[in-house]
Amino acid sequence: MCGIIGYCGPKPMGEVLLEGLKRMEYRGYDSAGIAVRSNAEITVIKRAGKIATLREAVQGELEGDCGIGHTRWATHGGVTDENAHPHLDAAGKVAIVHNGIIENYSVLREKLAAEGVEFASETDSEVIAHLIAKLYDGNLAAAVQQVVQLLKGTYGIAVTHIDEPGVLVGARNGSPLVLGVGEQEMFLASDVTAILGHTKQAIYLEDGEIVTITADDYRTTDLQSRKVDKHIQIINWELEEIEKGGYRHFMEKEIFEQPESILRAMQGRLDHEYATGHLGGLNMSKKELLDLERVKIIAAGTSFYAGLVASYLIESIARIPCTVELAAEVRYRNPIVERNSIYFAISQSGETADTLYAMRELQRKGARVLGICNVVGATIPRESDGGVYIHSGPEIAVASTKAFTSQLTALYVFTLLIARMRHMSYEAGMMFVQALEEVPDQVAKVLNLAPAIAEIAHKYHEARNFLFLGRGINYPVAFEGALKLKEISYIHAEGYSAAEVKHGPIALISPDTPSLFLVPDDALREKVISNMKEVKARNGQVIAVCVEDDHEVAALADDVIMVPRVHELMYPFVMTIPLQLFAYYTALELGRDVDQPRNLAKSVTVE
Ligand code: AGP
């Protein structure tokens, strides 16, 4: 989604801003722009399209004492140069960039228009620039403070004024904004990746806070001008982690990082002495964990599918009822919060609006909501009542891969913990611990199948429809595989329970609609084989992901991907990897923009 960068300092202004925007490209955007303040004027350059187009438009070095930049993901108004940010007021004295949505913009716009203000764009954001210009009385922070109180909706903003050399003001409500503290330089950004090349010291703004920065100082206040003391936090990501490191795409790199990222998600969390899990961040006493009667999970997209896998696990080994709901549906259904229940809000980014708003609604009703997040310091982990960081490292590709397997890992550790407090024996706990610890090596083995999977992708890349079929704990993995293929190859794909196919989707089966079956060696294997036969009998092409040496399945399928035999509850890990690779290689065959697929954003901060 949209990205903000702001800079006060001695480095070449245009370069810092363009580099910051480039680092945020992964978030998804359709236009970009920068504004640089100098004593003569505020220079704004903005273009629809990619940052490369903007870079071409920036002739030479831009001199200035501060500047702001933005990547826009269109909401109000089409993808045009005019609608791209930054936006100026009519006199060209104020420039703003804005993330979020101003819900009352049409009322504000009408009022300003009645006063004679002419608008240059169709966006909701432009009103902010005009309002600041109107209320400015020699103090930019004071004008921003007044204006944000007129706004309804969400915003992260950065503002510069021609009369305030070397000063930027930022404010946030519902859309992230972080202050980067450097040596004789300061940054504002919506995402730490934009500033990681310059500083690791970050201050996360809360809703209702305003920050004023110069190259060597910053001041944070609330909306009543009261000073707010903030702590500097150290960003624990390395610059190399947000670079491709020899891989063609971030997605490829992130798929191949999974042996290490899964290991990081379990490190220090498995207790061999008592064959259990240990998660310090839950903030729950032993009694509260023992009293737990229900687990509920809210999430979106891939995180939702990780939650679905966990629900099978939690019910089967901890014997606690677990339900999973799309976060977007939770908020507006007036959810019932039951006693002795906990909610998990799963979110890689920790900023997904649907999940965040559902979490707030549940908390309002007294729920205890725990976050399972990757991005440290993001809004969901900060506002949750506790939780678990999955420590995947930055996930840059829009299609989520390593976060999924790390979310699973964290949820597996949690399940072990509560299962061992209930019905699970020490021996069963120890087997589970060992099985989980073997996962990174088994995932590494599956990654060795990449060349063979690339060949299968080559064979099927012209199909326009695909079915992904699984059962039991691997049924959500089928959904995840279908989502990956849709997102990056634009091939229509649906996930189903293999058993459900005969209830309708079988009508789609033809030689042109291949099916990918997940056939682990578990209690449902025979049933899935029957479902495969039903598809084969109707001339459907079948790719099977099965365990090594499963000759029966190999004989039935047109193509086969053989994964290592694992503990039956660990198949979601080893079955997911081939699906990620299959989607990746199919997208490559089709020449798609793998890391930034069309229309998608990495972190979806609007409802
Ligand atoms: C996955 O590949 C997606 N791009 C998307 O479905 C994503 O999982 C979803 O938007 C939720 O994001 P979150 O985990 O950051 O909340």
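Here goes a summary of the coordinates provided.

## Comments concerning the site of the ligand
Around the ligand, 14 residues are found, and the nearest of them are Ser303, Ser347, Ser349, Thr352 and Glu487. Between the ligand and serine 303 there is a distance of 2.6 Å, counted from an oxygen atom to a side-chain nitrogen or oxygen. The fraction of the free accessible surface of the ligand (410 Å²) that becomes covered by protein chains is 91%. Along the lines of polarity and charge, the residues of the shell around the ligand split into four nonpolar, eight polar and two charged. Taken domain by domain, the shell around the ligand gets at least three of its residues from each of domain 2 (240-437) and domain 3 (447-607).

## Details of the nonpolar core
Residues Phe344, Phe414 and Phe582 are the most contacted members of the largest nonpolar core, which totals 134 residues. In this structure, phenylalanine 344 is in contact with Leu282, Val295, Lys296, Ile297, Ile298, Leu370, Ile372, Leu411 and Phe414, ignoring residues within four places of it in sequence. Counting residues in each nonpolar core, the second largest holds 26 residues, with Ala141, Val144, Val148 and Val159 among its members.

## Thoughts on the state of the cysteines
In total, this model carries zero disulfides according to the counting rule given. Note on cysteine 8: no disulfide assigned, nearest cysteine sulfur contributed by cysteine 66 at a separation of 5.0 Å. Its sulfur unpaired, cysteine 322 is 17 Å from the next cysteine sulfur, which belongs to cysteine 373. For cysteine 322, a relative accessible area of 7% puts it in the buried group.

## Looking at helix 7 (residues 258-266)
Looking only at helix 7, the buried set comprises Gln258, Pro259, Ser261, Ile262, Ala265 and Met266. Buried residues belonging to helix 7 abut helix 6 (250-256), strand 15 (270-271), helix 13 (402-420), helix 14 (426-447) and helix 19 (571-589). One or two residues past the end of helix 7 sits glycine 268, with phi positive at roughly 75 degrees.

## Focus on the environment of glycine 14
Note that glycine 14 resides in helix 1 (residues 13-23). Between the C-alpha atoms of glycine 14 and isoleucine 68, which are 54 residues apart in sequence, the distance is 9.4 Å. Each residue touching glycine 14, except ones within four places of it in the same chain, is listed here: Glu61 and Leu62.

## Some details on the sheet that holds strand 8 (residues 168-173)
In spatial order, the strands read 5-6-7-8-12-13; together these six strands make up an open sheet with antiparallel pairing. Strands at the two margins of the open sheet, each flanked by one partner only, are strand 5 (87-88) and strand 13 (217-222). Both strand 8 and strand 12 (residues 209-214) contribute to a ladder of five bridges, which runs antiparallel. Following the sheet pairing, alanine 171 is matched in strand 12 by isoleucine 210.

## Let's talk about the pattern of salt bridges
When the charged atoms of two side chains with opposite charge come close together, those side chains can pair. Counted according to the given criterion, the structure contains 37 salt bridges. A salt bridge links arginine 23 to glutamate 243; the shortest N-O distance between them is 3.4 Å. Taken together, the residues span a long stretch of sequence, with arginine 23 in helix 1 and glutamate 243 in the loop between strand 14 (233-234) and helix 6 at a distance of 220 residues. Note that glutamate 252 is salt-bridged to arginine 248, the shortest N-O span being 2.9 Å.

## Here we look at the packing of helix 14 against helix 19
Running from N to C, helix 14 and helix 19 point in directions that differ by 30 degrees, and their axes come no closer than 9 Å. Between helix 14 and helix 19, the angle is such that the two are roughly parallel. For the pair helix 14 and helix 19, the sense of crossing is right-handed. Here Leu436, Val439, Gln442, Val443, Val446 and Leu447 of helix 14 lie close against helix 19, whose contacting residues are Phe573, Val574, Ile577, Pro578 and Leu581. Partitioned by chemical class, the residues of the contact of helix 14 with helix 19 number ten nonpolar, one polar and no charged.

## So, the pairing of strand 9 (residues 178-181)
Burial along strand 9 is two-sided: Val178 and Gly180 facing one way and Leu179 and Val181 facing the other are all buried. Bridge count between strand 9 and strand 10 (residues 186-189): four bridges; the pairing is antiparallel. Bridge assignment links glycine 180 to a residue of strand 10, and that residue is phenylalanine 187. One ladder, built from three bridges, connects strand 9 with strand 11 (residues 201-204); its direction is antiparallel. Note that in strand 11 the partner of valine 178 across the bridge is tyrosine 204.

## Regarding the sheet that holds strand 4 (residues 66-72)
Strands sit in the order 3-2-4-1-10-9-11-14 across an open sheet of eight strands; the sheet is antiparallel. The open sheet has two edge strands, strand 3 (42-48) and strand 14, and neither has a second partner. Against the sheet, helix 1 engages strand 1 (3-8), strand 2 (31-37), strand 4 and strand 10, with an angle of about 25 degrees to strand 4.

## Topic: the environment of isoleucine 418
Tracing the sequence through the fold places isoleucine 418 in helix 13. In this structure the C-alpha to C-alpha distance between isoleucine 418 and valine 606, which are 188 residues apart in sequence, comes to 35 Å. Filtering out sequence-adjacent residues up to four positions away, isoleucine 418 remains in contact with Leu289, Leu292, Ile314, Ala318 and Ile320.

## Considerations on the side chain of histidine 85
Checked against the element boundaries, histidine 85 lands in the loop between strand 4 and strand 5. A polar side-chain atom of histidine 85 sits 3.2 Å from the main-chain amide nitrogen of histidine 98. Side-chain polar atoms of histidine 85 contact the side chain of serine 125, separated by 3.4 Å. Among all residues touching histidine 85, those that are not within four sequence positions of it are Ala32, Gly33, Ile34, Lys46, His70, Arg72, Val97, His98 and Ser125.

Each value, and the rule that gives it
Residues numbered from 1 in each chain as written. Predicted model: local features only at pLDDT ≥ 70, side-chain atom pairs only at ≥ 80, totals over all residues. Heavy atoms only, no water. Near = heavy atom within 4 Å. Polar contact = N/O pair within 3.5 Å; in protein donor to acceptor, adjacent residues only side chain to side chain. Areas by Shrake-Rupley, 256 points an atom, 1.4 Å probe, with all protein chains shown as cover. Nonpolar A, V, L, I, M, F, W, Y, C, P; charged D, E, K, R; others polar. Domains from an automatic or database assignment. Core = buried A, V, L, I, M, F, W, Y, C linked by side-chain atoms within 4.5 Å. Buried < 20%, exposed > 50% of the residue type's maximum accessible area, 1.4 Å probe, protein only. Contact = heavy atoms within 4.5 Å. Disulfide = S-S within 2.5 Å. Helix = DSSP H or I, 4+ residues; strand = E, 2+ residues; numbered from the N terminus. Pairing = 2+ DSSP bridges. Salt bridge = Lys/Arg side-chain N within 4 Å of Asp/Glu carboxyl O. Axes fitted to C-alpha atoms, helices over the stretch in contact; angles between N-to-C directions. Parallel < 35°, antiparallel > 145°, perpendicular 65-115°, else oblique. Left-handed = near helix turned anticlockwise from the far one by under 90°.

No statement about biological role is implied by the geometric values presented.
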